[in-house]
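Given next are the chains, with one letter for each unit.
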Amino acid sequence: KACAEKDLQADERRIAAAEKARYEVEFADKNRKEAERVQKVRVEQAEQAERDRSASFRSTIDSFVKDKAPALFKAYEDAAFRRQEFSSKLVDLRETLIRLDRNPDKDKDFLAYLNAHSDLVDTERLLKERMDDLFLSYKKFQYRPDDKASKDEFEAKIEQGLLAATKAEERYHELCRDLEK
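Please read these numbers as outputs of a predicted model, since none were measured by experiment.

Draft legend 1. Highlighting the pattern of salt bridges. Across all of its chains, the model carries 14 salt bridges by this definition. Note that Arg58 is salt-bridged to Asp62, the shortest N-O span being 3.4 Å. With Arg58 and Asp62 both in helix H1 (residues 2–68) and four residues apart, this pair spans about one turn of that helix. Like Asp62, Arg58 is buried. Across the pair Asp78 and Lys74 runs a salt bridge whose closest N-O atoms are separated by 2.9 Å. Within this pair, Asp78 and its partner Lys74 are both found in helix H2 (residues 70–99), separated by four residues, close to a single helical turn. Using a relative accessible area of 48% as the deciding quantity, one classes Lys74 as partly exposed.

Draft legend 2. How the structure looks around unusual backbone geometry. In this structure, Asp101 is a non-glycine residue whose phi angle is positive, near 55 degrees. Looking at the element boundaries, Asp101 is found in the loop between H2 and helix H3 (108–143). Taking relative accessible area as the criterion, Asp101 reaches 75% and is therefore assigned exposed.

Draft legend 3. Local environment of the side chain of Ser137. Relative to the elements of secondary structure, Ser137 occurs in helix H3. For Ser137, a relative accessible area of 2% corresponds to the buried category. When residues no more than four places from it in sequence are discounted, the contact partners of Ser137 are Glu153, Phe154 and Lys157.

Thresholds, definitions, all that
- Chains are numbered independently. Their residues run from 1 in the order of the written sequence.
- With pLDDT at 70 or above as the cut-off, local features in this predicted model cover only qualifying residues; side-chain atom pairs require 80 or more to be listed or tallied, and sums for whole chains, interfaces and linings still use all residues.
- As a rule here, side-chain values come from all non-hydrogen atoms in the structure, and water together with hydrogens is ignored.
- Here, a salt bridge means any Lys or Arg side-chain nitrogen found within 4 Å of an Asp or Glu carboxyl oxygen.
- Put simply, DSSP marks the helices as runs of H or I at least four residues long and the strands as runs of E at least two long, and each gets a number from the N terminus on.
- Type-normalised accessible area, obtained with a 1.4 Å probe on protein chains alone, sets the label of each residue: buried when under 20%, exposed when over 50%, and partly exposed for intermediate values.
- In this analysis, two residues are considered to be in contact whenever any of their non-hydrogen atoms come within 4.5 Å of each other.

This is how it looks when you write it as structure tokens:
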């Protein structure tokens with residue numbers, strides 16, 4: 001009887017130890033998962049904050065250019081709108097060709113539209129670069145307002161932006177004429 005009681009107590013201690021070990025593993029697992037969740041939330045918050053800062057900075061540049069070189073800003077907006085509009089039409093044409101069991105990569109009209117779209121993307125990128133250049137030259141000019149070279153550079157960037165805007169508009173009309181042929 002004493003042996004059976006000792007065996008029972010030993011079994012109870014083993015069961016208690018096993019339950020304690022299982023509890024510790026579950027507790028550690030819950031803590032690990034919570035730490036991972038918290039880390040994931042922090043990363044997402046940091047990424048969102050960076051996107052917000054980026055959007056705010058872009059908005060600052062856009063507002064500046066809209067004020068100092070409205071023709072450049074309008075050309076950029078127009079290019080962005082045309083590229084977006086063209087993109088959706090291109091996707092629609094591609095889907096239509098595929099549904100008709102035609103290979104878009106062998107359709108000469110589709111390829112011409114694809115090239116035109118590429119030109120629109122390049123134009124939008126170029127105009128954005130001109131806007132960024134103008135903003136940067138203005139920032140440099142702000143720190144050296146009495147420096148004739150920085151003032152001249154700023155004014156030259158405005159002229160370059162306006163020239164780019166004019167060329168972008170001309171290029172767009174040229175693309176439209178080419179596509180109508």
